[in-house]
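Letter by letter, the chains look like this.
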Amino acid sequence: MKISFSTNVEKPAQKKKRNKGVITGLVAGCLVSNAAAPITQKVLLPAIKKISSSIKPEDTLILNNAFEKAFFDSTLAEKGVKIIKITKDNIDEVSKELTEAVFNTKYGKKLSNFFNKDVLSFGLELHFSSILQTVTDGENAFYSNVIKRIILPGEKNGLQLANFHEMGHAINHNLGKASRILQKIRNPIIIFGPAIILFSVLSLKDKKNEVDENGEKKKGVRQFIKNNAGILGVATFLPAVIEEGMASLKGNKIANKVLQEAPILLKKVKLTNAMSFASYAITALATGLGMHIAVKIKDNLQAKYEDKQSQKMQK
Ligand SMILES: [Zn+2]
C-alpha cells in the first residue's frame, strides 16, 4: 500500500526510521564483510608463517638461490623490477628509497608540483616504514606495481616462502597485457565497488517488496543491484581473485623449474601459494555475504516500518 499523504508529525519519524534501516544494514554489511579479516589474519596468515618457519637454515639457502636463479631467468630485471629484502636495520633506508621511487613515477612528479615535497616525503616515509615493519614482523610480503619492487622479509621467520607468489605478481604486471590491466584495476574496484553497491541499494526508499503495485517485478539499475547484491559483492573481488590466482599459478610454475631437487620445499612453496590465493577468495565470499545480509536487514526494517504505517492508516 502506498501512502499518498503524510502529516507534518509523521514526516520526521518516517525519515528517522528509514535511516535506521540503512545504517543498521550498512553496519551489518561492513561487519560481515570484515569477518574475512580475522579468518585470513588469524587462521591463514599464522598457517603460512608456520610453514615458512618450519624450513631449516640449509633450506633457506636453497630457497634463496633458487629464487635468485628464477628471478634472473624471468627477465624481470630488464623491465626495471628489483627485489628488496627487509630487515630491521634497513627499514629507514628502504623507506627513503621507496619514497624517492614514488617521486620518480608519473604520478609522483604531478604530486610534487601541487604539494610541498618535504611534507609529502615525510608522510610517505612514515607510511612505508609502517608497512615495512609488517614485513620484518613476518606479517607481510608484497609486490608494488607503482615502484616495481618485490618486497620480501630479510629474516628467516618471515614469509619467505611467499617469494614465488610475489614474483608471480611482478610477472603479471610486467610480462602480460591482460594481467597488467587486472593488476591495475583490482584495488580501485575493491575500494569503490562494495561502497557503491551498499549505498545504491540501501538508499532505495520503497523497496519492501520486489514487485510493484501491479504485481510486476520492479526494474531499474538499482533494483538489479539490490537483487544481486551478494553476487555483485563477490564480483568486485573477481579481478583481484583472478590476479592472485594467476600470481600463485605462475609462482608454482617458476618454483617447479628451480626447486626440482628440493621436493619438500617445493611442496611448501605451493601450499603457501594456495593459501595466499585462498585468503582473497575468502574475502570475496565474505564481502558478498556482507552485501546480501545488509540488504536483508534493511528490507526487514523497511517492511516493519511500512506495516506499521499501513496499520496506522487503517485505524
Ligand atoms: Zn598476492
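Criteria and thresholds
Residues numbered from 1 in each chain as written. Predicted model: local features only at pLDDT ≥ 70, side-chain atom pairs only at ≥ 80, totals over all residues. pLDDT = per-residue confidence, 0-100. Contact = placed C-beta atoms within 7 Å. Helix = DSSP H or I, 4+ residues; strand = E, 2+ residues; numbered from the N terminus. Buried ≥ 20, exposed ≤ 12 C-beta atoms within 10 Å, placed from the backbone. Axes fitted to C-alpha atoms, helices over the stretch in contact; angles between N-to-C directions. Parallel < 35°, antiparallel > 145°, perpendicular 65-115°, else oblique. Left-handed = near helix turned anticlockwise from the far one by under 90°. Nonpolar A, V, L, I, M, F, W, Y, C, P; charged D, E, K, R; others polar. Pairing = 2+ DSSP bridges.

> Just checking my understanding: could you explain the confidence of the model for the chain for this structure?
Do not read the predicted coordinates in detail wherever pLDDT is low. Scored by pLDDT, the chain comes out at a mean of 84, with 88% of its residues at no less than 70. Within the model, pLDDT remains below 50 along residues 1–17, and this stretch shows 7 contacts once partners closer than five positions in the same chain are excluded.

> I tried to follow the environment of Asn 252 on my own but got confused; where do I start?
Along the chain, Asn 252 falls in helix α11 (residues 238–258). Residue classification places Asn 252 among the partly exposed positions, given that 17 C-beta atoms sit within 10 Å. Distance in space between the C-alpha atoms of Asn 252 and Leu 271 is 9.5 Å, their sequence separation being 19 residues. The contact partners of Asn 252, leaving out residues within four places of it in the chain, are Lys 270 and Asn 273.

> How should the packing of helix α4 (residues 91–103) against helix α6 (residues 117–136) be read in this particular structure?
When two helices pack together, their arrangement is captured by the angle between the axes and the distance separating the axes. Interaxial distance between α4 and α6 falls to 8 Å at its minimum, and their mutual angle equals 130°. Considering their axes alone, α4 and α6 lie oblique with respect to each other. Like other packed secondary-structure pairs, α4 and α6 cross with a definite hand, here right-handed. Mapping the contact onto sequence places Ile 91, Asp 92, Val 94, Ser 95, Lys 96, Leu 98, Thr 99 and Val 102 in α4 and Ser 121, Leu 124, Glu 125, Phe 128, Ser 129, Leu 132, Gln 133 and Thr 136 in α6.

> Help me understand the packing of helix α3 (residues 57–74) against helix α7 (residues 163–174), please; the structure alone is not making it clear to me.
At a closest axis distance of 11 Å, the pairing of α3 and α7 adopts a crossing angle of 10°. Judged by the angle between their axes, α3 and α7 are roughly parallel. On α7, the residues that touch Phe 67, Ala 70, Phe 71 and Ser 74 of α3 are Asn 163, Phe 164, Met 167 and Ile 171. Of the residues assigned to the contact of α3 with α7, the class counts are 6 nonpolar, 2 polar and no charged.

> I would appreciate a short explanation of the sheet that holds strand β1 (residues 82–86) in the present structure.
Paired through their backbone hydrogen bonds, the strands of a sheet run either parallel or antiparallel. What the 3 strands build is an open sheet, ordered β1-β3-β2; its pairing is mixed. In this open sheet, the two strands that pair with only one neighbour each are β1 and β2 (142–144). Pairs of neighbouring strands in the sheet enclose a mean axial angle of 25°, with direction left out of account. With 3 bridges joining them, β2 and strand β3 (residues 149–153) adopt antiparallel strand pairing. Bridge pairing in β3 links Tyr 143 to Ile 150.

> Sorry if this is basic, but what is going on with unusual backbone geometry here?
In most cases, non-glycine residues show a negative phi, while peptide bonds are predominantly trans. Of note in this structure, Thr 75 is not a glycine but carries a positive phi near 65°. The topology assignment puts Thr 75 in the loop between α3 and β1. Taking the C-beta count within 10 Å as the criterion, Thr 75 has 12 such neighbours and is therefore assigned exposed.

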